Amino acid sequence: MPSVDVAGEFETIRRLLAPLAHPEWGRNLLDDVAVVPSRSGYDLVLTKDSIVEGVHFLAEDPMDTVAQKLLRVNLSDLAAKGAEPFGYMLGCFWSDRCGWPEREAFAAGLKHDQTEFGVALLGGDTVTTPGPASFSLTMLGWTPKGQTVGRNGARPGDVVLVTGAIGDGWLGLQAATGRLSLEPERILALTDHYRKPMPRLAFAGHILELATAAIDVSDGLVADLGHLASASGVALEINLDTLPISAAGLAWLDGRVDPQDARIKLATGGDDYEIAFTAAADDEHALRRAAERQHLRLTAIGRVVAGTGVTVRSGGSLVTVRETGWTHG
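Rules used throughout
- Every chain's residues receive numbers from 1 upward, in the order its sequence appears when written.
- For a predicted model such as this one, the threshold for reporting local features is a pLDDT of at least 70, and the threshold for listing and counting side-chain atom pairs is 80 or more; totals across whole chains, interfaces and linings nevertheless cover every residue.
- The basis for the side-chain values is all heavy atoms of the structure; hydrogens and waters are excluded.
- Secondary structure is summarised from DSSP: a helix means a run of H or I of at least four residues, a strand means a run of E of at least two, and numbering begins at the N terminus for each.
- What a helix is expected to span follows from its residue count: subtract one and scale by 1.5 Å.
- For every residue, the accessible area (1.4 Å probe, protein chains only) is compared with the maximum for its type, and the residue is labelled buried under 20%, exposed over 50%, or partly exposed between those bounds.
- Should a side-chain nitrogen of Lys or Arg be within 4 Å of a carboxyl oxygen of Asp or Glu, the pair is scored as a salt bridge.
- In this analysis an axis means a line fitted to C-alpha atoms, helices contributing only their contacting stretch, and an angle means the value between N-to-C directions, from 0 to 180 degrees.
- Orientation labels follow simple angle bins: below 35 degrees gives roughly parallel, above 145 gives roughly antiparallel, 65 to 115 gives roughly perpendicular, and whatever is left gives oblique.
- Crossings are assigned a handedness: left-handed for a near helix turned anticlockwise from the far helix by less than a right angle, right-handed for a clockwise turn.
- The contact definition used throughout considers only heavy atoms, calling two residues in contact when any of these lie within 4.5 Å.
- Three classes are used, and their members are as follows: Ala, Val, Leu, Ile, Met, Phe, Trp, Tyr, Cys and Pro are nonpolar, Asp, Glu, Lys and Arg are charged, and the others, Gly among them, are polar.
- A 1.4 Å probe that fits into a set of points on a 1 Å grid over the protein atoms alone but cannot get out defines a cavity; an open set with protein on both sides within 12 Å along at least five of seven lines defines a pocket, and lining residues are those with an atom within 4 Å of a point.
- Grid points are joined across faces, edges and corners, and a volume is the space filled by probe spheres set on the points.

S.K.: Explain helix H2 (residues 63-80) to me, please; I cannot follow it from the model alone.
M.R.: Structurally, the α-helix is built with 3.6 residues per turn, so residues lying three or four positions apart point the same way. In this model H2 runs 26 Å from its N-terminal to its C-terminal C-alpha over 18 residues, within 8% of the 26 Å that 1.5 Å per residue would give. H2 sits mainly inside the fold: 17 of its 18 residues count as buried. One or two residues past the end of H2 sits Gly 82, with phi positive at roughly 75°.

Structure, rendered in structure tokens:
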């Protein structure tokens with residue numbers, strides 16, 4: 001892993017990152033490359049996400065959770081492809097505030113989640129920057145050859161489903177920035193979700209087997225379903241009334257002046273990292289049984305029809321959604 005000529009960079013690699021490296025493929029971070037073996041009968045699947053202080057995480061967020069969020073948002077992409085993760089490449093752009101304790105905390109977060117999700121560091125780069133702290137991660141995984149689930153397989157007649165609850169990512173940001181008035185335990189749960197989303201890797205095998213198209217919910221449910229509809233050349237009809245909402249979300253929703261507008265906020269806020277996917281209607285029962293065995297919430301929220309775009313309805317009436325989610329610059 002190369003480094004710029006700044007005091008402390010090589011120590012960061014040697015003491016904090018090298019212990020996280022795969023003992024064989026990562027070459028103990030003593031080389032400029034990682035060597036990844038081929039796997040007969042499988043495709044290598046890669047995804048890359050970056051997070052920037054002030055955009056994707058808050059300056060006051062603990063650095064261990066920053067590392068965990070970085071790892072988990074990439075693992076979420078693999079889960080939505082039905083992939084099995086095995087390793088990652090890391091880019092660290094340390095700001096002036098990232099002293100040794102902050103770097104130790106960052107490495108500790110990675111170590112925890114490497115054990116949690118069964119992945120290892122393969123290599124990367126680490127530098128310092130006068131700008132905000134930023135981190136980039138390329139996650140690698142495997143799917144059986146030719147079976148990676150794309151965004152482009154949805155067919156008219158399919159059902160649209162989503163794992164977990166929608167809206168906790170957006171609510172978590174409000175909680176972390178002191179803009180929610182809820183019970184302390186709900187504030188804590190929502191903040192934790194925002195900082196450490198849970199990738200649905202345990203459900204990835206069922207996505208691989210039965211999903212016709214899938215995407216992880218990062219930019220907002222409506223926006224991400226729009227990407228899926230566009231790639232598949234179909235239209236999606238979504239029922240806002242069936243939007244799966246957590247207990248904390250329902251507590252926030254209770255008493256809103258405009259409940260429909262509040263539900264739209266949850267459906268467009270993003271940072272949920274659940275899997276939204278389509279499947280043949282005949283396979284819905286099997287998917288529900290699989291989710292039940294994992295104690296995972298799974299909700300049918302709409303259907304695939306001929307046409308283009310995403311139509312949102314509530315109470316049988318068409319709902320206008322002006323901002324469907326986060327847009328990247």
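S.K.: When you look at the pattern of salt bridges in this model, what are you seeing that I'm missing?
M.R.: Between side chains of opposite charge, a pair can form as their charged atoms come close. One pass over the structure, following the stated rule, counts 12 salt bridges. For Arg 186, the salt bridge is made with Glu 183, and the minimal N-O distance between the two is 3.3 Å. You can call Glu 183 partly exposed: its relative accessible area is 37%. Between Glu 237 and Arg 303 there is a salt bridge; the shortest N-O distance is 2.9 Å. Placement of Glu 237 in strand S7 (residues 235-239) and of Arg 303 in strand S9 (residues 298-305) is noted, with a sequence separation of 66 residues between them.

S.K.: Explain the packing of helix H4 (residues 168-176) against helix H5 (residues 184-195) here, please?
M.R.: Interhelical geometry of H4 versus H5 gives an angle of 115° and a closest axis separation of 7 Å. Taken together, the axes of H4 and H5 are roughly perpendicular relative to one another. For H4 against H5, the interelement crossing comes out left-handed. Across the interface between the two elements, Asp 168, Gly 169, Leu 171, Gly 172, Leu 173, Ala 175 and Ala 176 from H4 touch Ile 187, Leu 190, Thr 191, His 193 and Tyr 194 from H5. By residue class, the composition of the contact of H4 with H5 is 7 nonpolar, 4 polar and 1 charged.

S.K.: Could you clarify how one ought to interpret empty space enclosed by the protein in this entry?
M.R.: Here the idea is plain: a probe the size of a water molecule rolls over the atoms and shows the empty space left. The final tally for this structure, using the stated rule, is 1 cavity of 30 Å³ or more. Roughly 30 Å³ of internal volume is contained in the largest cavity. Of all the secondary-structure elements, those providing two or more residues to the lining of the largest cavity are helix H7 (221-232) and S7. Taken together, the residues that form the lining of the largest cavity break down as 7 nonpolar, 1 polar and no charged.

S.K.: Explanation requested: unusual backbone geometry in the structure shown.
M.R.: Only a minority of non-glycine residues have a phi that is not negative, and only a minority of peptide bonds are not trans. The phi dihedral of Tyr 273 is positive, around 55°, even though this residue is not glycine. Position of Tyr 273 among the secondary structure elements: in the loop between helix H9 (259-268) and strand S8 (275-279). Assessed through its relative accessible area of 10%, Tyr 273 is described here as buried. Not every positive phi belongs to a glycine, and His 295 is a case in point at roughly 55°. For His 295, the position within the fold is in the loop between helix H10 (284-293) and S9.

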